[in-house]
Structures are given as C-alpha cells and as structure tokens.
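Now for the letters of each chain:
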Amino acid sequence: MASRPAPEETVTGGPPLDREAMGALKVRLRNDPADATTRADIVRVYRSLGHLDQAGRYAIGLDEGARRDELSAYAGMVRGLGADEKRVRTLSLLPSDRELPEKVRKAIEAGPFVDDWRPWGVVVGFAWGAVFLVASIAVFVVYAAAMLGADDIQGIARTWTLVTGCAMLSALALGTVWCASSSKWRATLIWGGITALFGVFLVLAVIAVAR
C-alpha cells in the first residue's frame, strides 16, 4: 500500500496540517475576516514554516498584530507587488474596521520598487565600445607597422598602448560617475577604486615611457 505524503504545513502545538486543510482555513477566514481563531491558526502555520511575509500578511488582522520582523517582511512584499490599500486589505483578508499598520501604509505610499539607475548609463556602454574600437585600431596599427618594417615599432606600440589606456581610464571614470549619480554607493566605491588603481598604473607607465 502506498504511503501517504508527509504533511506540508504544521500548526505549532497542534496536529499536522496539509495543503487542503490550510486552504480550508483561508476559505473560512475569507468568509468571516473577523474570525480571530482561524486567523491565528493561519499565522501559527506560517510562523512554524518560517514564512515571515505570509505570517505578517495575516497577523496584521490580529489584536496583538504582527511581529516586527514579520511586519518588515510583509511591507517589503507589499512594495514588491506595488499593491494599493484595497489590494493589501484583500491579501490580508482584513475586516473593514481594521486599520493598516503604519509600516504597511508607508510601503503602500512608497509605491513599487523601481530601478533608480540613471538612464544616461547608455553613454557608459558607448564609452566601453569606444575602448574596444581604440584597442582594435591599436592592434591593427602596430601589426601593420611591424609588417611594413617600421623603424620605431616600439615607439608606435607604446603610443597606442597609452592611447588605449587613456580611453579605458575615461570609461572607468565615467562608469564611476554614473554609479555615484545613481546613488549606488557600493558600486561607486568598487569602480572608483578600480579607476584609481588603473589611473596610478597609467601614470607610472607614462613616466616609464618618458624616461
């Protein structure tokens, strides 16, 4: 005889609860949003599973409310969904007389998460395209000079290497400015550090060539 699958959800301090039983609890709460006992059962299930956002989703309808970490998780979920107050009330099956917690209300007012990278970042892409173009030209010029037997092949190679280095430094600096203008401070520090190191390397290279 085939064994029964293990229950997927368990109420802390209570009997195992499978998916069908959990669905029945939600239907019961949907029919009567003021049923605190059913709501508490749902919250206990999600807490036992470690689903903070879902626990907070239903716990805001309890008199004691949601725990701080649950409230933060649910507020993040609300922002991720871009939900308005009507949708939040529907998601949480809230009674009409129940006020939304301030943190959830602020999440609604803040609106959905947006990509706040500045749109002129496409210029950074063109800058790196220019670096690739300059590097390709440098390879072609040096190779052609070698094939034609140019007298100062080393001088030509050094010149084009420096030109390529300057183009790369410009692209790095532009990328750093783009990160800073987009308030991406971690990326700014990373790219700023790379730019500074490369700049020092390029200056040392220029000094070495000039000698």
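Chains are numbered independently. Their residues run from 1 in the order of the written sequence. In keeping with the model being predicted, local features are shown solely for residues with a pLDDT of at least 70 and side-chain atom pairs are shown and tallied solely at 80 or more, while totals for entire chains, interfaces and linings include all residues. The basis for every side-chain value is the complete set of heavy atoms in the structure, and neither hydrogens nor water enter the calculation.

Student: What exactly am I supposed to notice about the pattern of salt bridges here?
Tutor: A side chain with one charge can pair with a side chain of the opposite charge if their charged atoms come near. Salt bridge, as used here: a side-chain nitrogen of Lys or Arg that lies within 4 Å of a carboxyl oxygen of Asp or Glu. In this structure the tally under the stated criterion is 7 salt bridges. A salt bridge links Arg44 to Asp41, with the nearest nitrogen and oxygen atoms 2.0 Å apart. Taken together, the positions of Arg44 and Asp41, both in helix α2 (residues 36–49) and 3 residues apart, correspond to about one turn of that helix. By relative accessible area, which is 33% here, Arg44 ends up partly exposed. The salt bridge involving Asp63 is made with Arg98; its shortest N-O contact spans 3.0 Å. Pair noted here: Asp63 is in the loop between α3 (52–59) and α4 (68–81) and Arg98 is in the loop between α5 (85–92) and α6 (102–110), with a separation of 35 residues, a long-range link. Helix and strand definitions follow DSSP, with helices as H or I runs of at least four residues and strands as E runs of at least two, each counted in order from the N terminus. Each residue gets one of three labels from its accessible area relative to the maximum for its type: buried under 20%, exposed over 50%, partly exposed in between, using a 1.4 Å probe on protein chains only.

Student: Would you mind going over the packing of aromatic side chains with me for this structure?
Tutor: Two descriptors summarise a pair of aromatic rings, namely the distance from one centre to the other and the angle between the planes of the rings. Geometry of aromatic contacts follows a simple scheme: Phe, Tyr and Trp rings, the Trp one being its six-membered ring, pair when their centres are within 6.5 Å, and the pair is stacked under 30 degrees between planes, edge-to-face over 60, tilted otherwise. Counting across every chain of the model gives 2 aromatic pairs. Taking the centre distance of 6.1 Å and the plane angle of 5° together, the rings of Tyr46 and Tyr58 count as stacked. On the criterion of sequence distance, the pair formed by Tyr46 in helix α2 and Tyr58 in helix α3 is long-range, its members being 12 residues apart. Tyr46 gets classed as buried once you look at its relative accessible area, which sits at 6%. Ring centres 6.2 Å apart and planes at 40° place the aromatic pair Phe198 and Phe201 in the tilted group. Pair noted here: Phe198 and Phe201 are both in helix α9 (residues 185–210), with a separation of 3 residues, about one helical turn.

Student: Which parts of the structure should I look at to understand α3?
Tutor: Within α3, 6 of the 8 residues are buried, leaving the element largely enclosed by the surrounding structure. For α3, every residue scored as buried is listed here: Gln54, Ala55, Gly56, Arg57, Tyr58 and Ala59. Only heavy atoms matter for contacts: two residues are in contact if any of them lie within 4.5 Å across the pair. Where α3 is buried, its residues meet α1 (19–31), α2, α4 and α5.

Nothing here speaks to function; it is all geometry.
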